[in-house]
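# Report on the structure
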Amino acid sequence: MLLGSFAFLAAFFLSLPSQAQNYEIMDLGFQPSDINNGGQIVGGGFIWDNGVATELVPGDGLVNAHALNDLGQVGGYMSVISGYRGFVWQNGSLTELGTLGGTYASEAHGINNLGQVVGFADTGDGGQHAFLWQNGVMTDLGTFGGSSFSVGESINDSGQIVGYGFLNPFANGEVFPLIWENGVVSELPTGVIGGGLVFNINNSGQSVGYYSGGFGVQAALWNNGTLTELATVSGESTIANDINNLSQIVGFSYSPPVNPVNPIRRALMWEGSGFTDLNNMIPSSSGWVLEYATAINDSGQIVGVGVFNGQERGFLLNPIPEPCTLGLLGIGLLILTGFHLLRERGV
C-alpha cells in the first residue's frame, strides 16, 4: 500500500510544470538518428542499448538506421549490389523491403509501434513514391500535385503519415510537406513563399519540420492542419527535427540563414511558446558544442550531434532531476511513512 501511494505521489510531482532542465551528456561514439522510450538509440549502422553499441549488419556495406520503435524494431536502408534497399531489423533478424517495381532504391524512414513502416521506393516508371509497408506488403502511397516524387518520413500509432513531395528533385524543384490520413494525401500549409518539409509526427497528430520564410527557413509545428512558426532569434534559420508525445520539440538553428558556407549551428529545444539553447543546459566545462538535436523521447532524453575535442560526435542528453522535485518527493515519502506508522499503531 505504501509503495503504491509513493508511486502515485512520484508521478504527481514529476508531472508538475518544471523550470529549465539541466542535462548530463554522454558520448555515443556514433551519430544518432532516433531514440525510443526505452532509451535505445539507433544511428549509422548501430543500435545502442544500456551503454553497448551493436552493429546491425556486419560487413563493409553502407547501413543507415533511420528510425526505432518502442519494441526495438529498426527501420533503415543498406547498400546492395543493385543500389539500396530499405529494411526492418529486430533482435538480429533483418527483413529486406523491396521496391515498388523499380530496380535501384528503397529506404525506410519511419516505423511505429505496430511495426508499420514508411519511406520511399523506386517505381517501374522511373519515379520515387512514398510507401507504407506492413505484414510483408508494400503499398504505394502515391504523390500529390502532379509530382512523380514523394517520401514518407514518419508514422504514428494511429496510422497518420507525414512526409513530403517535390516536383523535380534533380532540378531543385519546389518541396512541399504532406500528410496521409485514411488513405488520402493532402498538402500541409506553408508560408506565403511556399515550400517546406515535415519530419516527424507524434501520437496526437502534431508534426514538425520547417517552411520557407522570407529570409531562410523557419521551424514549424502543424497541429490539426494549422501552421505555427516556432520561436527563434532574428537572423537565424531554424529546423525542427522531432516532437515527442509531451509536445516537446528538438532541432537546431544556423546562421547566417541563407547560403551559409561555414554556418554556426546550435541545438535547440522548444517547449510551450519559448525555446532553449541546449548548450546552456550542460556543464560549461564539458568541452561540447551541441550542433543538432535529432530526436527526443517521452522521458526527455535527447540525442544529436555536436563537436567534442574538435571532432563531430554523437551525444545523449539525460535529464538531471531538479533539486526541488527530489525535495518534494522526499517530503511526500516522509508524510506517507508517518501515516503508515500511525495506522499500524491504531492512532
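All values reported here derive from a predicted model rather than from experimental measurement.

This brings us to the layout of surface pockets. Each pocket or cavity is described by its volume, and for the largest pocket that value is around 850 Å³. Elements that contribute at least two residues to the lining of the largest pocket include exactly strand 2 (34-35), strand 6 (63-68), strand 10 (101-111), strand 14 (149-155), strand 18 (196-201), strand 22 (237-243) and strand 26 (288-296). The element best represented in the lining of the largest pocket is strand 6, accounting for 5 residues. Looking at the lining of the largest pocket residue by residue, the classes come out as 14 nonpolar, 23 polar and 6 charged.

This next bit is on the sheet that holds strand 1 (residues 23-27). Across a sheet, strands are paired by hydrogen bonds formed along the backbone, either parallel or antiparallel in direction. The strand order across the open sheet formed by 4 strands is 1-28-27-26, and the pairing between neighbours is antiparallel. Both edges of this open sheet fall to strand 1 and strand 26, since each of them pairs with a single strand only. Each neighbouring strand pair of the sheet contributes to a mean axis angle of 35°, computed without reference to strand direction. With 5 bridges joining them, strand 1 and strand 28 (residues 311-319) adopt antiparallel strand pairing. Pairing of M26 across the sheet is with L316, part of strand 28.

Consecutive residues of a regular strand have side chains that alternate between opposite faces of the sheet. The element strand 20 (residues 217-223) is extensively covered by neighbouring structure, given that 6 of its 7 residues are classed as buried. Of the pairings in the sheet, the one linking strand 19 (residues 206-212) to strand 20 comprises 7 bridges and is antiparallel in character. Of the residues in strand 20, the one forming a bridge with Y210 is A219. In this structure, strand 20 lies alongside strand 21 (residues 226-229), joined through 4 bridges in antiparallel fashion. Bridge pairing links W222 to L227 in strand 21. Counting the residues in the hairpin turn of strand 20 and strand 21 gives 2 residues, including N224, whose phi is positive at 55°.

Conventions used here
Here the residue numbering is sequential within each chain, running from 1 through the sequence in written order. Where local features are concerned, this predicted model is filtered to residues with pLDDT of at least 70; where side-chain atom pairs are given and counted, the filter is 80 or more; whole-chain, interface and lining totals use all residues. With hydrogens and water stripped out, all remaining heavy atoms of the structure feed into the side-chain values. Note on definitions: the grid is 1 Å and covers protein atoms alone; a cavity is a set of points where a 1.4 Å probe fits but cannot get out; a pocket is an open set with protein on both sides within 12 Å along at least five of seven lines; lining residues have an atom within 4 Å of a point. Grid points are joined across faces, edges and corners, and a volume is the space filled by probe spheres set on the points. Note on conventions: DSSP H or I runs of at least 4 residues are helices, E runs of at least 2 residues are strands, and numbering of each starts at the N terminus. Ten residue types, Ala, Val, Leu, Ile, Met, Phe, Trp, Tyr, Cys and Pro, are classed as nonpolar, four, Asp, Glu, Lys and Arg, as charged, and the remainder, Gly among them, as polar. In this analysis, strands are considered paired if DSSP registers two or more bridges between them. A fitted line through C-alpha atoms serves as each axis, taken over the contacting stretch for helices, and the angle formed by two N-to-C directions is quoted from 0 to 180°. Residue exposure (1.4 Å probe, protein chains only): buried if accessible area is under 20% of the type maximum, exposed if over 50%, otherwise partly exposed.

So yeah, pure geometry; function would need other evidence.
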